[in-house]
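Below are the chains, spelled out letter by letter.
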Amino acid sequence: MEKRRDFFDTPLLLFTLTIMIFCCAALYSAQKYVHLDENYFKKQIMWFAISLVIMFFIFFFDLESIMRLTPYIYLSGILLLIFVLVAPEKIAPTIKGAKSWIVVPGFASLQPSEFMKIFLIMMLAFTVTKHYEKYTIGLIQSDFFLLFKVGIIALIPICLTYMQNDFGTSLVMFVITMGIVLVSGINWRIIFTFVLIGTVTLVSLVLIYMRDPDLLLKFLDQYQLNRIHAWLDPFGTGEGIGYQLKQSILAVGSGMTSGKGFGQSNVYIPEAHTDFIFSIFAEEFGFIGASALIGLYFLIIYRIVAIALYSRYFEAFICTGVAALLAFHIFQNIGMVIGLIPITGIPLPLMSYGGSSVMATMMGISLILNISLKKKEYMFSEE
């Protein structure tokens, strides 16, 4: 006997809309730092409106159909990444050293790699679910075969994105993949082996940096190495490569407990409307406001995890991927603007200006809302 309930996660939607309001307030203040003719505050409102339309479109789409279409959606995302690399500069210009955008004449620039993060989540969820249907999870041979498939699916967009000189987005895709692998049921011995390899690699890179930082240029570009220098000594390099981070730390610290008040920020930060929007928010609303924003992010991730616990395989893996995406973006962005970790150019979800980032994030959240409504509760049956 089946008992249906309305599981639509209203709190998740309300938390998301509240962050949008916070974003508009912060962008309105940051606008005075952008010495261009564009009004990013108004453009962000436009992106929010478009994203809400996309959200409702996905929300009313059948989940079974989404699963069937997933391989084609993934393939179209890969083709877009390839197109960005081969397209002429007029169509896909190089911006700040990265060739990641497609110019839509008369409209705006779109970044396919942002959407690819959601497509990758869907494809990984599809792959693991299909593997579950044919093989026994926990057997070494079966698990290695699953890892091989997952690796190929993830490696293609990661490499294409890295070739666009977008290390930050490539890193996000890697974290998404690891998050889904961790909950896929793969034998813990295999996971432990990869964790050990990763730890040894990280420690080796730290030792190389301590002994001869220039050796890392074999793996990193000069600007990436400069970001590490600036992170380790933001005030010593504050007049050069560390200027942005130094200003960000000063802005966050000057907000103190309750902030300077809306529209009262006065510490200049380059790119304040994008990756460093949290600095403006913390300066104006202080520790209390910053904590409220972080609390909202926590509640969103909590709701996504709660939905995952009561969902079937495909839906649960999508929830895991979206939660991993948001958690890493939030930790990385806030961590970098307060000097906790190096700058990587990763935006703060729904706060940083950017149409592609906003639309991709809302696509992920709308998938979660879709899953929350389509859930069923069964009586006298485990099916």
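The structure we're discussing is the one just above.
A quick note: this is a predicted structure, and the numbers were derived from the prediction, not measured. (Residues numbered from 1 in each chain as written. Predicted model: local features only at pLDDT ≥ 70, side-chain atom pairs only at ≥ 80, totals over all residues. Heavy atoms only, no water.)

### Considerations on the packing of helix α1 (residues 10–30) against helix α2 (residues 40–59)
Item 1. Two numbers describe how α1 lies on α2: the axes approach to 9 Å, and their chain directions differ by 165°. Taken together, the axes of α1 and α2 are roughly antiparallel relative to one another. In this structure, α1 meets α2 at a crossing whose hand is right-handed. Only Tyr40, Phe41, Gln44, Ile45, Phe48, Leu52 and Met55 of α2 make contact with α1, whose side of the interface consists of Leu13, Leu17, Met20, Cys23, Cys24, Leu27 and Tyr28.
Item 2. Residues belonging to the contact of α1 with α2 are distributed by class as follows: 13 nonpolar, one polar and no charged. (Axes fitted to C-alpha atoms, helices over the stretch in contact; angles between N-to-C directions. Helix = DSSP H or I, 4+ residues; strand = E, 2+ residues; numbered from the N terminus. Parallel < 35°, antiparallel > 145°, perpendicular 65-115°, else oblique. Left-handed = near helix turned anticlockwise from the far one by under 90°. Contact = heavy atoms within 4.5 Å. Nonpolar A, V, L, I, M, F, W, Y, C, P; charged D, E, K, R; others polar.)

### Describing helix α7 (residues 188–211)
Quick reminder: α-helices carry 3.6 residues per turn. Residues three or four places apart thus point the same way.
Item 1. The terminal C-alpha atoms of α7 lie 34 Å apart, and with 24 residues this matches the ideal 34 Å at 1.5 Å per residue to within 8%.
Item 2. Every buried residue of α7 is listed here: Ile190, Ile191 and Tyr209.
Item 3. Check the buried side of α7 and you find it contacts α5 (140–163), α6 (167–182) and α8 (222–232).
Item 4. The backbone nitrogen of Arg189 lies 2.9 Å from a side-chain oxygen of the residue at the head of α7, namely Asn187. (Expected span 1.5 Å × (residues − 1). Buried < 20%, exposed > 50% of the residue type's maximum accessible area, 1.4 Å probe, protein only. Polar contact = N/O pair within 3.5 Å; in protein donor to acceptor, adjacent residues only side chain to side chain.)

### Looking at unusual backbone geometry
Item 1. Of note, Met256 is a non-glycine position whose phi angle comes to about 50°, a positive value.
Item 2. Looking at Met256, the relative accessible area reads 63%, which means it is exposed.
Item 3. The residue Leu350 is not glycine, and still its phi comes out positive at about 65°.
Item 4. Leu350 gets classed as buried once you look at its relative accessible area, which sits at 2%.

### Quick word on the environment of Lys99
Item 1. Of note, Lys99 is situated in the loop between α3 (63–86) and β2 (102–104).
Item 2. Taking relative accessible area as the criterion, Lys99 reaches 15% and is therefore assigned buried.
Item 3. In this structure, the C-alpha to C-alpha distance between Lys99 and Met116, residues 17 residues apart in sequence, is 15 Å.
Item 4. Contact partners of Lys99, with chain neighbours within four places excluded, come to Val84, Leu85, Ala87, Glu89, Ala92, Pro93, Thr94 and Gln164.
Item 5. Polar contacts involving the side chain of Lys99 include one to the main-chain carbonyl oxygen of Ala87, which spans 2.8 Å.
Item 6. At a separation of 3.3 Å, a polar atom in the side chain of Lys99 contacts the main-chain carbonyl oxygen of Ala92.

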